[in-house]
Amino acid sequence: MAIAKVPKEISEPASFIGDKGEFGPPLFAKLVPFAVHVAASIYEERRDRLVNTNIIEELEILTTKIHDTLSSLNLPGSLQALEKPLGLPPTLTSHAEEIRQADALNRLQRSFSDTAKLKASDDAIFAEGRELLLAEQSENERLLMKYGSDRWTRLDSKSAATKLFAQIGEIDGYLKSANNSDQLVISKFRECEDMLRILSSSDRDIGNFVPSSRRATIPPKIEGEVSRLRNCLNELSRFEARRRRKIEALREKAKKDDINNSILAEAARIEREYPSQIVVPAHFEDFFEQRLTIYDPDISGLKTESDEQDRLTSQLETANQAFVLARKGDTSSREREQALQKLENAYFKYKEIVSNLEVGRKFYNDLAKIVGRFRDGVKAFVYERREEAMRMESYVPKVSFPLTYINTQACSADFA
């Protein structure tokens, strides 16, 4: 019914043992030192922080500035109201369709709920570790009061676990800062929730919200200014689209940045040059710095990106100023302009909130590792301290005898 098969590694071990591989691959050829695994994790963490925080977040901040500028100039609402006095502008229609396809309101509600769960989990793990540490501190103080400082001579809890007590303040600061950021994102959502509901509705309902203009044609005196402003706006839109593609390309670049083979080669070089040393993650610092230079062009490109954006926004502001002067005194499309701008602002605010929630999700996932290590460190410390306390209590004498009695007994034993 069954046949016992012995693996070749057991039946023919000679073919799997050797340093040079002439008889086959060595038995433990694929075994990688633990320090290399840790070093690879450190590199990935630094790479992600560099790409996401130092480059992508900076680019997204620049994009937010574009939308703030457009909102302050009442664009593109003022232009859309004049160019298309009846019906819905194509840009607004496409934005509304995107909102509907994404199920924007439900998506945001789910994201808020998921973020709250991650935060609650981090809070619970942190609270567990903090309470354990404070409980150990109280236990040690009770034992100190019981036995006195002469007999209870070990370090107090804060001195014995300086790093853990310092982490309480650090992590608490992270959580408070994150909570403030969460409240800011929620307030952003509350501000644009009503407009997002309108954008999520049908084109007919959106049309009922956006009033039509009384003017059907653009006066010749401002037609040139309209064309100039539209060109500036289109150029800025193309610039923003290029930036989105650049961000996606950067994310793909980081995703493909696999250092496994390179770090193994570096570990082998270190072992050859320093055969008497044990390889530790600190030995890879120079390797990390050299490897991360592949992102130097992306970092240096931030200045160029910012300068180009300043040039385009300056052109847009100049064109808009001329446009506003040409329209001075014309209020025929004011209500339509305001309605269109509210909807456009809500769309861009939605995109900003989605980005904020993604950053928050990543932050709480990263924080989970920190609070997890903190709790595990506290558990190990508390276990060791309690074991130490039990040993010390077993050696501490329960009754103190008079010195004269002890000396008498010692003398009697000597004469005997």
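These numbers come from a predicted model, not from an experiment.

Asker: Quick question: what am I supposed to make of the nonpolar core here?
Answerer: Nonpolar side chains tend toward joint burial in soluble globular proteins. Within the largest apolar cluster, 27 residues are counted, with the highest numbers of intra-cluster contacts made by Leu-108, Leu-196, Leu-199, Ile-206, Leu-343 and Ile-353. Counting residues per element, the ones that place at least two in this core are helix H4 (90-101), helix H5 (104-151), helix H7 (162-200) and helix H13 (334-395). Sort the elements by how many residues they give to this core and H13 lands first, with nine residues. Here Ile-353 is in contact with Leu-108, Phe-112, Val-185, Lys-188, Phe-189 and Cys-192, once residues within four sequence places are set aside.

Asker: Any chance you could explain the packing of aromatic side chains here in plain terms?
Answerer: Remark: the centre distance and the inter-plane angle together describe each pair of aromatic rings, the angle taken between the planes. Taken as a whole and judged by the stated rule, the model has eight aromatic pairs. Considering the side-chain rings of Phe-284 and Phe-288, the 6.5 Å spacing of their centres and the 25° angle between planes classify their relative orientation as stacked. Assigned by exposure class, Phe-284 and Phe-288 land together as buried. Among the aromatic side chains, those forming a connected cluster through ring pairs are Tyr-43, Phe-284, Phe-287 and Phe-288.

Asker: Before we go on, may I ask you to explain helix H2 (residues 34-72) in this structure?
Answerer: Every α-helix carries 3.6 residues per turn, so stepping three or four residues along brings you back to the same face. Taking 1.5 Å as the rise per residue, H2 with 39 residues should run 57 Å; its terminal C-alpha atoms sit 55 Å apart, in good agreement. Ile-56 marks the point of greatest bend in H2, at about 35°. In the segment just after H2, Asn-74 is the residue with positive phi, at about 60°.

Asker: Would you explain the side chain of Arg-154 in this entry?
Answerer: By the secondary structure assignment, Arg-154 is in the loop between H5 and helix H6 (157-160). With relative accessibility at 12%, the residue Arg-154 sits in the buried group. Here the side chain of Arg-154 touches Arg-385 through a polar contact of 3.0 Å, landing on its backbone oxygen. Arg-154 has contacts with Glu-136, Asn-140, Arg-385, Glu-388, Ala-389 and Met-392, leaving out every residue within four places of it along the chain.

Asker: Sorry, what's going on with the pattern of salt bridges here?
Answerer: Opposite charge on two side chains makes pairing possible when the charged atoms of those side chains draw close. Here the structure, examined in full by the defined rule, presents 37 salt bridges. Its salt-bridge partner being Glu-60, residue Arg-251 comes within 3.7 Å of it at the nearest N-O pair. You can see Arg-251 sitting in helix H9 (residues 220-255) and its partner Glu-60 sitting in helix H2, a full 191 residues away along the chain. By relative accessible area, Arg-251 is classed as partly exposed at 36%. A salt bridge links Asp-307 to Lys-303; the shortest N-O distance between them is 2.9 Å.

Asker: Please clarify how unusual backbone geometry should be interpreted in this entry.
Answerer: Following Leu-75, the chain continues into Pro-76 via a peptide bond in cis, with omega recorded as 5°. Structurally, Pro-76 is set in the loop between H2 and helix H3 (77-83). At Asn-74, a position not held by glycine, the phi torsion is positive, near 60°. Examined against the element boundaries, Asn-74 turns out to sit in the loop between H2 and H3. Positive phi is not limited to glycine here, since Asp-103 has a value of about 50°. Within the fold, Asp-103 resides in the loop between H4 and H5.

Asker: Please clarify how the side chain of Thr-313 should be interpreted in this entry.
Answerer: For Thr-313, the position within the fold is in helix H12 (residues 296-326). In this structure the side chain of Thr-313 is engaged in a polar contact, spanning 3.1 Å, whose partner is the backbone oxygen of Asp-310.

Asker: Would you mind showing me how to read H4 here?
Answerer: Under the 1.5 Å per step criterion, the end-to-end length of H4 is 16 Å for twelve residues, consistent within 8% with the ideal 16 Å. Within H4 the residues assigned to the buried category are Leu-92, His-95, Ala-96 and Ile-99. Projection of H4 onto a plane perpendicular to its axis shows the buried side chains occupying an angular sector of 100°, all on one side. Facing away from the buried side of H4 by over 90 degrees, the exposed positions are Pro-90 and Gln-101. Those residues of H4 that are buried lie in contact with H5, H7, helix H8 (203-209) and H13. A positive phi of about 50° marks Asp-103, the residue just after H4.

Asker: What is the right way to read the packing of H2 against H12 from this model?
Answerer: To describe two helices that pack against each other, one gives the angle between their axes and the distance between the axes. Two elements in contact, H2 and H12, have axes separated by 11 Å at closest approach and are oriented at 0°. In terms of their interaxial angle, H2 and H12 are classed as roughly parallel. Contact residues: H2 offers Leu-50, Asn-54, Ile-55, Glu-58, Leu-59, Leu-62, Thr-63, Lys-65, Ile-66, Thr-69 and Leu-70, while H12 offers Asp-298, Ile-299, Leu-302, Glu-305, Ser-306, Gln-309, Leu-316 and Glu-317. Looking at the contact of H2 with H12, its residues break down into nine nonpolar, five polar and five charged.

Rules of the game
In every chain, residue numbers begin from 1 and rise along the written sequence. It should be noted that, the model being predicted, local features are given only for residues of pLDDT at least 70 and side-chain atom pairs only at 80 or more, the latter also being counted only at that level, while totals for whole chains, interfaces and linings use all residues. To get the side-chain values, all heavy atoms of the structure are used, and hydrogens and water are removed first. Side-chain atoms within 4.5 Å are what join buried Ala, Val, Leu, Ile, Met, Phe, Trp, Tyr and Cys residues into a set we call a nonpolar core. Accessibility here uses a 1.4 Å probe with only protein chains present; expressed as a share of the type maximum, an area under 20% marks a residue as buried, one over 50% as exposed, and anything in between as partly exposed. By the criteria applied, helices consist of DSSP H or I runs no shorter than four residues and strands consist of E runs no shorter than two, each listed in order from the N terminus. Contacts were defined at the residue level, with two residues in contact if any of their heavy atoms lie within 4.5 Å. Aromatic rings from Phe, Tyr and Trp, with only the six-membered ring used for Trp, were paired whenever their centres fell within 6.5 Å, and each pair was classed as stacked if the ring planes differed by under 30 degrees, edge-to-face if by over 60, and tilted otherwise. Multiplying 1.5 Å by the helix residue count minus one yields the expected span of that helix. Fitting one axis to the seven residues ending at a residue and another to the seven starting there, the bend at that residue is the angle between the two axes. In protein, a polar contact means a hydrogen-donor-capable atom and an acceptor-capable atom, both N or O and within 3.5 Å, with residues adjacent in sequence counting only if both atoms are side-chain atoms; elsewhere, any N or O pair within 3.5 Å suffices. Salt bridges, as used here, are contacts in which a Lys or Arg side-chain nitrogen is within 4 Å of a carboxyl oxygen on Asp or Glu. In this context, the arc is that of the directions from the helix axis out to the C-beta atoms. To get an axis, fit a line to the C-alpha atoms, keeping to the stretch in contact for a helix; angles then go from 0 to 180 degrees between the N-to-C directions. Our angle categories are set so that under 35 degrees counts as roughly parallel, over 145 as roughly antiparallel, 65 to 115 as roughly perpendicular, and the remainder as oblique. By the convention adopted, Pro, Cys, Tyr, Trp, Phe, Met, Ile, Leu, Val and Ala count as nonpolar, Lys, Arg, Asp and Glu as charged, and the other residues, Gly among them, as polar.

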